[in-house]
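# Structural characterization, general
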Amino acid sequence: MIGAAAHVFAGFGVGLALAGAPGPVQAILFAEAMRGGIGRGIRAMVGANGTFGLMLVALALGISLAPPSGVVLRALKVVGGGFLLWLAVEGFRSASETAQGTVEPRRSLPPTARGTLAVLLNPGAWLFLGAVASPLLGAATRDGGTASALLVVLALVIGVMIGDGAVVVFAGVGLRRAGQRVETWVRRGLAIVLAGLGLWLIVGGVLG
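This section reports on the structure supplied with the text.

## Points about the nonpolar core
Nonpolar side chains in soluble globular proteins generally cluster together in the buried interior. Core analysis: the largest hydrophobic core is formed by 44 residues, its most contacted members being Ile28, Phe52, Leu56, Val119, Leu129, Leu156 and Leu194. Sorting elements by how many residues they give to this core places helix H5 (residues 123-174) first, with 17 residues. Residues within four places of Val119 in sequence aside, it is in contact with Val25, Ala48, Thr51, Phe52, Met55, Ala125 and Trp126.

## Details of the packing of helix H2 (residues 24-60) against helix H6 (residues 180-207)
Interhelical geometry of H2 versus H6 gives an angle of 155 degrees and a closest axis separation of 10 Å. Taken together, the axes of H2 and H6 lie roughly antiparallel to each other. With respect to the hand of their crossing, H2 and H6 are arranged in left-handed fashion. Across from Pro24, Ala27, Ile28, Phe30, Ala31, Met34 and Arg35 in H2, the residues of H6 making contact are Glu183, Val186, Arg187, Leu190, Leu194 and Leu197. Its residues placed into classes, the contact of H2 with H6 shows ten nonpolar, no polar and three charged.

## Focus on helix H4 (residues 111-120)
Buried within H4 we find Pro111, Arg114, Gly115, Ala118 and Val119. Taken down its axis, H4 places every buried residue within 130 degrees of arc, on the same side.

## Describing H6
Over its 28 residues, H6 extends 40 Å from the first C-alpha to the last, a length consistent with the 40 Å expected when each residue adds 1.5 Å. Glu183, Thr184, Arg187, Arg188, Leu190, Ala191, Leu194, Gly198, Leu201 and Gly205 are the residues of H6 that are buried.

## Topic: the packing of aromatic side chains
What characterises a pair of aromatic rings is the spacing of the ring centres plus the angle enclosed by the ring planes. For the structure shown, the criterion picks out three aromatic pairs. On the numbers, 5.7 Å between centres and 45 degrees between planes, the contact of Phe52 with Phe128 is tilted. Linking Phe52 in helix H2 with Phe128 in helix H5, this pair joins segments that are 76 residues apart in sequence. Residue Phe52 is classed as buried on the basis of its relative accessible area of 6%. Under the relative-accessibility criterion, Phe128 is labelled buried at 11%. Considering the side-chain rings of Phe83 and Trp86, the 6.3 Å spacing of their centres and the 25 degrees angle between planes classify their relative orientation as stacked. Note that Phe83 and Trp86 are positioned in helix H3 (residues 70-100) at a spacing of three residues, about one turn of the helix. Taking the relative accessible area as the measure of exposure, Phe83 reaches 9% and is therefore buried. The exposure class assigned to Trp86 is partly exposed, which follows from its relative accessible area of 38%. Sitting over the ring of Phe92, Arg188 keeps its end group 5.7 Å from the ring centre.

Conventions and cut-offs
- Residues numbered from 1 in each chain as written.
- Predicted model: local features only at pLDDT ≥ 70, side-chain atom pairs only at ≥ 80, totals over all residues.
- Heavy atoms only, no water.
- Core = buried A, V, L, I, M, F, W, Y, C linked by side-chain atoms within 4.5 Å.
- Buried < 20%, exposed > 50% of the residue type's maximum accessible area, 1.4 Å probe, protein only.
- Helix = DSSP H or I, 4+ residues; strand = E, 2+ residues; numbered from the N terminus.
- Contact = heavy atoms within 4.5 Å.
- Axes fitted to C-alpha atoms, helices over the stretch in contact; angles between N-to-C directions.
- Parallel < 35°, antiparallel > 145°, perpendicular 65-115°, else oblique.
- Left-handed = near helix turned anticlockwise from the far one by under 90°.
- Nonpolar A, V, L, I, M, F, W, Y, C, P; charged D, E, K, R; others polar.
- Arc of directions from axis to C-beta.
- Expected span 1.5 Å × (residues − 1).
- Phe/Tyr/Trp six-rings, centres within 6.5 Å; stacked < 30°, edge-to-face > 60°.
- Lys NZ or Arg CZ within 6 Å of the ring centre and 35° of its normal.

See below:
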């Protein structure tokens, strides 16, 4: 019992640490909350956390999710980087239209889908599953069976949700109250950050 509890606490701590580490997912959640408020940020978070949770459940149930390597990893970096670049361009354009007081007539990718793709196309998420989550869940399974591993998954996801939720609330409530001028420049800055992350992934994928 003590061993199982230790694994659960470890999972919770890992989840908090993962959400607290700046990366593409956090940047996207921040950008979505800045763009459409806390409601849009939460929808993006549901997509990201839900997808990540399902991947963890698959690991806990014994389904192998081998981290990508070689050509697959390079392709994932290029595709994921392209996705971030697309979000950056759209985010910058959206911020400019908001500053000018125009309404966006275009149909766009829903925030939940953006959150889902932010995880699926993130090489770091796949590497985390293989390097950190897999050993943690394996140890929990050995000590307490599948039920123990699923409890660790729950604790890990709760930790991630707390960290990501703080990001969404800060962006969707705090910064949006600072005024339209501040909001516009922050959104443009986030677009630049996303573009930088995207280019970094693409260069890493091309150069291997």
